[in-house]
Amino acid sequence: MFEKIDHVGIAVSDLEAAMKLYRDQVGLECSGTEIVEEQKVKVAFFPVGQSKVELLESTDPDGPVGKFIEKKGEGIHHLSFRVSNIDEKIKQLKEQGVALIDEKPRYGAGGARIAFLHPKSTGGVLIELCERDQ
Ligand code: CMX
């Protein structure tokens, strides 16, 4: 089941500068940062109500966020839906013919289990499924 928007991922080229902007000008509070080796990103989370903004800086120009910024520049990178059972949701979407990037969940920031759907089959929007305890 889909539960809520877990977060909106925003690709940035300078995490420190973007964190300063979101903290000092936008007025949000950072709840933590993490390097996610598997995704080649350094992230910072800013809770907004029940959801979060996730700022993503690439740690490698060949990583997904590095390539995205190279091609499209900074901006909204993905939309993450919180699901209660990611294995079941992946199975359902596969049966419905949605193109999956990940057929099995991978590690995501904060210990989440995540999987991406391919933007080619979701109207040009990169969608992440995210299962986590809280
Ligand atoms: N949103 C929408 N479209 C995107 C996109 C994004 N974030 N990233 C790439 N695309 C588009 C490209 O523009 C391209 O479109 P066109 O063919 O029309 O030009 C198409 O997807 C395929 O792109 P590509 O260059 O052939 O493939 P890439 O090597 O750039 O890979 C993708 C694209 C989505 C498969 C890859 O980025 C991926 O596997 N992403 C999932 C993992 C990820 O994004 N991790 C970072 C976040 C981690 C986290 O949140 O912790």
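Residues numbered from 1 in each chain as written. Predicted model: local features only at pLDDT ≥ 70, side-chain atom pairs only at ≥ 80, totals over all residues. Heavy atoms only, no water.

### Thoughts on the overall build of the protein
Piece 1. Scanning the protein from terminus to terminus reveals three helices and eight strands.
Piece 2. In sequence order, the protein lays out its α and β elements as β-α-β-β-β-α-β-α-β-β-β.
Piece 3. Its C-alpha atoms give the protein a radius of gyration of 14 Å, near enough to 14 Å, the size a compact globule of 134 residues would have.
Piece 4. Along the three orthogonal principal directions, the C-alpha set of the protein runs to about 45 × 30 × 25 Å.
Piece 5. Every one of the 134 residues in the protein was classed for burial, and the buried ones make up 41%.
Piece 6. Contacts spanning at least 24 positions in sequence make up 54% of the contacts within the protein whose residues lie at least 6 apart.
Piece 7. Of the accessible surface of the protein, which amounts to about 7,700 Å², a share of 51% is contributed by carbon and sulfur atoms. (Helix = DSSP H or I, 4+ residues; strand = E, 2+ residues; numbered from the N terminus. Rg over C-alpha atoms; globule rule 2.2 N^0.38 Å. Buried < 20%, exposed > 50% of the residue type's maximum accessible area, 1.4 Å probe, protein only. Contact = heavy atoms within 4.5 Å. Areas by Shrake-Rupley, 256 points an atom, 1.4 Å probe, with all protein chains shown as cover.)

### Let's talk about the sheet that holds strand 4 (residues 51-58)
Piece 1. Read from one edge to the other, the open sheet built from eight strands follows the order 2-3-4-1-5-8-7-6, with strand pairing classed as mixed. Each edge of the open sheet carries a strand with a single partner, namely strand 2 (32-36) and strand 6 (106-108). On average, each strand axis in the sheet is inclined to that of its neighbour by 35°, with strand direction left out of account.
Piece 2. One ladder, built from eight bridges, connects strand 1 (residues 2-12) with strand 5 (residues 75-83); its direction is antiparallel. Bridged to Ile-10 within strand 5 is Ile-76.
Piece 3. Against the sheet, helix 1 (residues 15-26) makes contact with strand 1, strand 2, strand 3 (41-48) and strand 4, and its axis sits at roughly 5° relative to strand 3, the strand it touches most. (Pairing = 2+ DSSP bridges. Axes fitted to C-alpha atoms, helices over the stretch in contact; angles between N-to-C directions.)

### A word on the packing of aromatic side chains
Here the distance between the centres and the angle between the planes together describe a pair of aromatic rings.
Piece 1. This model, assessed by the stated rule, comprises two aromatic pairs.
Piece 2. Considering the side-chain rings of Tyr-22 and Phe-46, the 5.9 Å spacing of their centres and the 40° angle between planes classify their relative orientation as tilted. Here Tyr-22, found in helix 1, pairs with Phe-46, found in strand 3; they are 24 residues apart in sequence, far enough to count as distant.
Piece 3. What makes Tyr-22 buried here is its relative accessible area of 17%.
Piece 4. Taking relative accessible area as the criterion, Phe-46 reaches 0% and is therefore assigned buried.
Piece 5. Residue placement shows Lys-52 over the ring face of Phe-45; its charged tip is 5.8 Å from the ring centre.
Piece 6. Here the guanidinium or amino end of Arg-132 rests over the ring plane of Phe-45, the centre of that ring lying 5.9 Å away. (Phe/Tyr/Trp six-rings, centres within 6.5 Å; stacked < 30°, edge-to-face > 60°. Lys NZ or Arg CZ within 6 Å of the ring centre and 35° of its normal.)

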